[in-house]
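Each chain, letter by letter, is given below.
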Amino acid sequence: SVKNNYLVNYAVYNESLRDNLMLEQEIVNDMDFALKNGEFKVYIQPKCDMDTGRIVGGEALVRWIHPEKGMVSPGDFVPIFEKNKFILKLDYFVWEEVCKVMRRWIDEGGRPIPISVNVSRINLYNDDLYEQIVSLVEKYQIDPKLFQLEITESAYSSNIEYLTEVVARLQAYGFTILMDDFGSGYSSLNMLKDISVDILKLDMRFLTGETNGHGKGGDIMESVVRMAKWINLYVIAEGVETREQVEFLLSINCHYAQGYYYYRPMPMEEFKELMRDGEKVDYRGMRRKMGET
Ligand code: C2E
Ligand code: MG
Ligand code: MG
Ligand code: MG
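Conventions used here
Residues numbered from 1 in each chain as written. Chains lettered and ligands numbered in written order. Predicted model: local features only at pLDDT ≥ 70, side-chain atom pairs only at ≥ 80, totals over all residues. Heavy atoms only, no water. Donors = N, O, S within 2.8 Å, 3.2 Å for Na, K, Ca; no water. Buried < 20%, exposed > 50% of the residue type's maximum accessible area, 1.4 Å probe, protein only. Patch = residues over 30% accessible without salt bridge, like charges linked within 9 Å, V, L, I, M, F, W, Y side chains within 5 Å. Areas by Shrake-Rupley, 256 points an atom, 1.4 Å probe, with all protein chains shown as cover. Salt bridge = Lys/Arg side-chain N within 4 Å of Asp/Glu carboxyl O. Lys, Arg positive; Asp, Glu negative; His and termini not counted. Charge placed at Lys NZ, Arg CZ, Asp CG, Glu CD. Helix = DSSP H or I, 4+ residues; strand = E, 2+ residues; numbered from the N terminus. Disulfide = S-S within 2.5 Å.

1. Some words on the coordination of the magnesium ion (ligand 3)
Coordination of the magnesium ion (ligand 3) by the protein is provided by Asp 180 (OD), Asp 181 (OD), Glu 238 (OE) and Glu 238 (OE), with metal-donor distances spanning 2.1 to 2.5 Å. As a motif over one chain, the donors of the magnesium ion (ligand 3) read D-D-x56-E. A separation of 4.0 Å is found between the magnesium ion (ligand 3) and the magnesium ion (ligand 2), both of which receive a donor from Asp 180. A relative accessible area of 7% means that Asp 180 is categorised as buried.

As structure tokens, then:
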């Protein structure tokens, strides 16, 4: 029976493996056409000031509206596109969509707020990265302060000196740099002293499974936040879903959050409507650094 179990498990394993491979193959087959066919859409999730609930910025998140499969989430295709480098094209597409929309808002007389885009770890090794981003904001005449770049903490797990240089150059041009998923990997205080970063995004895993933020994840958050204050950074908590989490975060002096408690990611047109609403938006953006009142 041990042998039978083994065979059963093996068969199940083999089948799901085959399904995954097929899915991956399908994704690879479909991606170029999908981009040309307009199947990738940019959604934006607002970032909020927790004291007022007002929107102080947004993050662009890509979605694949597949004609047969429906909405496919980036967790299912970004890792595949990072393997085959298609992410270079997709990131560029997202950045340009954001620039276009900002340009339209401004041309229509709207007051812009900062939008962040994700920059894949793969793009950090793209020799044309700086040139591509700079020429986009120049083409659409967007203030680089409004076009923020999110780089995941885990990108820094190797080649830290090289990456620090790449990012410092972008920061010197005027882009705001956010460190995404902070605390999910091997980040340390030491690393932050060498890396160019303006805003830390606290990984949502700190909050997940916590009802009120007072467990271990909460303790870690509290010390991260205190540390951020010493080195003069802004901090945003990711994945905030409950009122209790909001209260906990405010109690440790974290002022900004992104999460379903406030808004889910939404199509750009919807976000544009929100941006018009002066009651809901704080056009001054994030003003308080960690610990400032
Ligand atoms: P991320 O950059 O850390 O984005 C935050 C993710 O958390 C998003 O997932 C967002 O929808 C989700 N989220 C926000 N609030 C909550 C909440 O309250 N609860 C929970 N459970 N989740 C929340 P999404 O959109 O599925 O994206 C996943 C990841 O895919 C992103 O993580 C990012 O690493 C990557 N990604 C998304 N768009 C792009 C892109 O244009 N380029 C690149 N290179 N990566 C992207
Ligand atoms: Mg992000
Ligand atoms: Mg994140
Ligand atoms: Mg994440």
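Back to the text.
2. Overview of a negative patch on the surface
On the surface, a cluster of negative charge is contributed by Asp 127, Asp 128, Glu 131 and Glu 138. Within the element layout of this structure, Asp 127 appears in the loop between strand E4 (115-118) and helix H4 (129-139).

3. Comments concerning the pattern of salt bridges
Side-chain pairing between opposite charges can occur once the charged atoms of the two side chains come close. By the definition in use, this model includes 23 salt bridges. Among the salt bridges present, the one from Lys 272 reaches Glu 108, with a minimum N-O distance of 3.3 Å. Of this pair, Lys 272 sits in helix H9 (residues 268-276) while Glu 108 sits in the loop between helix H3 (86-107) and E4, and the two are 164 residues apart along the sequence. Note that Asp 277 is salt-bridged to Lys 280, the shortest N-O span being 3.3 Å. Assessed through its relative accessible area of 37%, Lys 280 is described here as partly exposed. Three or more residues are tied together by salt bridges with common partners; here these are Lys 47, Glu 59, Glu 150, Lys 201 and Glu 238.

4. Details of the state of the cysteines
Disulfide: a covalent bond formed between the sulfur atoms of two cysteine residues. Per the stated rule, a full pass over the model turns up zero disulfides. Free of any disulfide, Cys 48 has its nearest neighbouring cysteine sulfur in Cys 254, separated by 12 Å. Overall, the relative accessible area of 0% leaves Cys 48 in the buried class.

5. Side note on the coordination of the magnesium ion (ligand 2)
In the first shell of the magnesium ion (ligand 2), the protein supplies Glu 59 (OE), Asn 118 (OD1), Glu 150 (OE) and Asp 180 (OD), at 2.0 to 2.3 Å from the metal. All donors of the magnesium ion (ligand 2) belong to a single chain; written as a sequence motif, their spacing is E-x58-N-x31-E-x29-D. Taking relative accessible area as the criterion, Glu 150 reaches 1% and is therefore assigned buried.

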